[in-house]
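# Remarks on the overall topology
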Amino acid sequence: MAVSKAQQKAVAKYEKENYDKTMVRMVKGKLDAVKAHAQAHGESVNGFINRAIDEAMARDAQNAE
């Protein structure tokens with residue numbers, strides 16, 4: 001189904017107001033492994049990366065105590 005220009009604009013506005021974006025670079029081939037891992041756990045790549053970040057930050061905070 002085609003998406004209208006107005007809908008594209010609304011989505012872009014929503015994302016700009018509600019999300020920060022960054023680029024993640026990885027060596028060739030690693031993205032395929034990340035995709036496979038995320039899919040095996042029922043997650044999107046974005047969801048997996050965010051979960052990994054959250055877990056690492058929580059672990060680092062716990063280790064700092």
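Below or above, wherever it landed, is the structure these notes cover. In this convention, every chain numbers its residues from 1, walking through the sequence in written order. Local features in this predicted model are restricted to residues of pLDDT 70 or higher, and side-chain atom pairs are both shown and tallied only at a pLDDT of 80 or more, whereas totals for entire chains, interfaces and linings draw on every residue. To get the side-chain values, all heavy atoms of the structure are used, and hydrogens and water are removed first.

Our focus in this paragraph is the overall build of the protein. Segments assigned H or I by DSSP are reported as helices when at least four residues long, segments assigned E as strands when at least two residues long, and all are numbered from the N terminus. Along the protein, the regular secondary structure elements total three helices and zero strands. Listed N to C, the secondary structure of the protein is α-α-α in terms of helices and strands. The C-alpha atoms of the protein give a radius of gyration of 16 Å, which is well past the 11 Å a tight globule of 65 residues would have. The C-alpha extent of the protein, read off along each of the three principal axes, is 50 × 30 × 25 Å. Here the open area of atoms and residues is found with the Shrake-Rupley method and a 1.4 Å probe, where only the protein chains shown may cover a residue. When the accessible area of the protein is evaluated, it comes to approximately 6,200 Å², of which 55% is carbon and sulfur surface. Looking at charge distribution, the protein has the averaged site of its 11 positive side-chain charges lying 12 Å from that of its 9 negative ones. Each radius of gyration reported is based on C-alpha atoms, and the globular scaling rule is 2.2 Å times the count of residues to the power 0.38. When charges are counted, Lys and Arg contribute as positive and Asp and Glu as negative, whereas His and the chain ends are disregarded. Here the site of a charge means NZ on Lys, CZ on Arg, CG on Asp, or CD on Glu.

Look at helix H2 (residues 30–40) against helix H3 (residues 45–64): their axes get within 9 Å of each other, and the N-to-C directions meet at 90°. Classed by the angle they form, the pair H2 and H3 counts as roughly perpendicular. Contacts between H2 and H3 involve Val34, Lys35, His37 and Ala38 from the first element and Val45, Phe48 and Arg51 from the second. All residues other than Ala, Val, Leu, Ile, Met, Phe, Trp, Tyr, Cys, Pro, Asp, Glu, Lys and Arg, Gly among them, are scored as polar; the first ten of these are nonpolar and the last four charged. The residue makeup of the contact of H2 with H3, split by class, is four nonpolar, one polar and two charged. All axes are obtained by fitting lines to C-alpha atoms, using only the stretch in contact for helices, and the reported angles, taken between N-to-C directions, cover 0 to 180 degrees. Each angle receives one of four descriptions, namely roughly parallel if under 35 degrees, roughly antiparallel if over 145, roughly perpendicular if within 65 to 115, and oblique otherwise. In this analysis, two residues are considered to be in contact whenever any of their non-hydrogen atoms come within 4.5 Å of each other.

Relative to the assigned elements, Lys5 resides in helix H1 (residues 5–18). Given the relative accessible area of 71%, Lys5 is considered exposed. Linking Lys5 and Ile53, residues 48 residues apart in sequence, is a C-alpha distance of 34 Å. Categorising residues by exposure relies on relative accessible area from a 1.4 Å probe, with only protein chains included: less than 20% of the type maximum marks a residue as buried, more than 50% marks it as exposed, and the intermediate range marks it as partly exposed.

In the sections that follow, a salt bridge refers to a side-chain nitrogen of Lys or Arg positioned within 4 Å of a carboxyl oxygen of Asp or Glu. Evaluation of the coordinates by the stated rule reveals four salt bridges. In this structure, Glu17 engages Lys13 in a salt bridge whose closest nitrogen and oxygen atoms are separated by 3.4 Å. Here Glu17 and its partner Lys13 are both found in helix H1, four residues apart, which amounts to about one turn of the helix. By relative accessible area, Lys13 is classed as exposed at 53%. One salt bridge in this structure joins Arg51 and Glu55, with 3.1 Å as the shortest N-O distance. Placement of both Arg51 and Glu55 in helix H3 is noted, with a separation of four residues, approximately one turn of the helix.

Looking now at a nonpolar patch on the surface. Patches were defined on residues exceeding 30% relative accessible area and lacking a salt bridge, with like-charge contacts within 9 Å and nonpolar side-chain contacts (Val, Leu, Ile, Met, Phe, Trp, Tyr) within 5 Å. On the surface, Val24, Met26 and Leu31 cluster together to form a nonpolar patch covering roughly 230 Å² of accessible area. Relative to the helices and strands, Val24 resides in the loop between H1 and H2.

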